[in-house]
Amino acid sequence: MSELNIKKHLFNTSFLEMDIPLQFNNYGTIPLEKYPDNATSYFINRNIIEEQSLQNYKNELIKYINIAGEVLNFYFDRFTRSWFQKYEKINYHPLHTHGSEEGLFCCIHYIQTSDKSANTNFYTPGWPYVCNEESKISIKPKNNKLIVFPSYLPHEVEINKDKTRLIFSANFMTRNNK
């Protein structure tokens, strides 16, 4: 009998949710353009975190991203895109990913929320073609909550039920933590 060549493969995707003591109070000065689904700074400045007025916020945020990196096994390298997004009543953000580039991660920092702010739903990689009982994880927004996740993780924002929901979101490159 010939020897069997067996390889076990596993897809396992982790992401973090953490409460952080980082407040952002200058949101009244952020330029936002209104679109049907939400208002965003993305099309005004595709990497707003590099603005001089946001350097303290940027440096503090990187500290918490690096704490997440200790758990997810990466070092923060640089922001590639960053933006603010404001949701009015009935605004939402449809299912999407941020690409699949190796080492690309994302974050969402909930700046201003209420009990009626819409959840962010995360889905297993391959959604909607790959489904199981653990296909969806819903994150309830909370002021100063930070989510750090791989860019390929499908996610969406449900229909919002307040005029409060404001987030900072970014894509960033990482280096391996080995």
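Please refer to the structure placed before this passage.
Predicted, not measured: the structure shown is a model, and the values here were computed from it. (Residues numbered from 1 in each chain as written. Predicted model: local features only at pLDDT ≥ 70, side-chain atom pairs only at ≥ 80, totals over all residues. Heavy atoms only, no water.)

Asks: What is the right way to read the overall build of the chain from this model?
Replies: Secondary structure assignment for the chain yields one helix and eleven strands. Listing every helix and strand of the chain by position from the N terminus yields β-β-β-α-β-β-β-β-β-β-β-β. What you see for the chain is a C-alpha radius of gyration of 18 Å, in line with the 16 Å of a compact globule of 178 residues. Across its three principal axes, the chain shows a C-alpha extent of roughly 75 × 35 × 30 Å. Residues counted as buried form 46% of the 178 residues belonging to the chain. (Helix = DSSP H or I, 4+ residues; strand = E, 2+ residues; numbered from the N terminus. Rg over C-alpha atoms; globule rule 2.2 N^0.38 Å. Buried < 20%, exposed > 50% of the residue type's maximum accessible area, 1.4 Å probe, protein only.)

Asks: What is the right way to read the pairing of strand 4 (residues 74–86) from this model?
Replies: The side chains of a regular strand alternate, residue by residue, between the two faces of the sheet. Inspection of the sheet shows strand 3 (residues 39–40) paired to strand 4 by two bridges, in the antiparallel sense. Each residue of the ladder has a partner; that of Ala 39, found in strand 4, is Lys 86. Bridging between strand 4 and strand 11 (residues 166–176) involves eleven bridges; their strand directions are antiparallel. The partner of Phe 74 across the bridge, within strand 11, is Asn 176. (Pairing = 2+ DSSP bridges.)

Asks: Explanation requested: the pattern of salt bridges in the structure shown.
Replies: Oppositely charged side chains may form a pair once their charged atoms are brought near each other. Overall, the coordinates contain six salt bridges when judged by the stated rule. For Arg 78, the salt bridge is made with Asp 77, and the minimal N-O distance between the two is 2.7 Å. Residue Asp 77 is classed as partly exposed on the basis of its relative accessible area, which comes to 33%. Connected through salt bridges with shared partners, the residues Asp 77, Arg 78 and Arg 175 form a single ionic network. (Salt bridge = Lys/Arg side-chain N within 4 Å of Asp/Glu carboxyl O.)

Asks: Please clarify how the packing of aromatic side chains should be interpreted in this entry.
Replies: Where two aromatic rings form a pair, the distance of their centres and the angle of their planes describe that pair. Evaluated as defined, the whole model comprises 16 aromatic pairs. Centroid distance Phe 79 to Phe 172: 6.3 Å. Interplanar angle 75°. Geometry classified as edge-to-face. Placement of the pair is Phe 79 in strand 4 and Phe 172 in strand 11, with a sequence separation of 93 residues. Like Phe 79, the residue Phe 172 is buried in the burial classification. Ring pairing ties together the aromatic residues Phe 74, Phe 76, Phe 79, Phe 105 and Phe 172, which thus form one cluster. Between the NZ or CZ atom of Arg 165 and the centre of the ring of Tyr 87, over which it lies, the distance is 4.7 Å. (Phe/Tyr/Trp six-rings, centres within 6.5 Å; stacked < 30°, edge-to-face > 60°. Lys NZ or Arg CZ within 6 Å of the ring centre and 35° of its normal.)

Asks: Would you explain unusual backbone geometry in this entry?
Replies: Outside of glycine, negative phi angles account for most residues, and trans bonds account for most peptide bonds. Positive phi values are uncommon outside glycine, yet Ile 90 reaches one of about 70°. Mapping Ile 90 onto the fold places it in the loop between strand 4 and strand 5 (93–96). Although it is not a glycine, Asn 144 sits at a positive phi angle of roughly 70°. Tracing the sequence through the fold places Asn 144 in the loop between strand 8 (136–139) and strand 9 (145–150). Assessed through its relative accessible area of 14%, Asn 144 is described here as buried.

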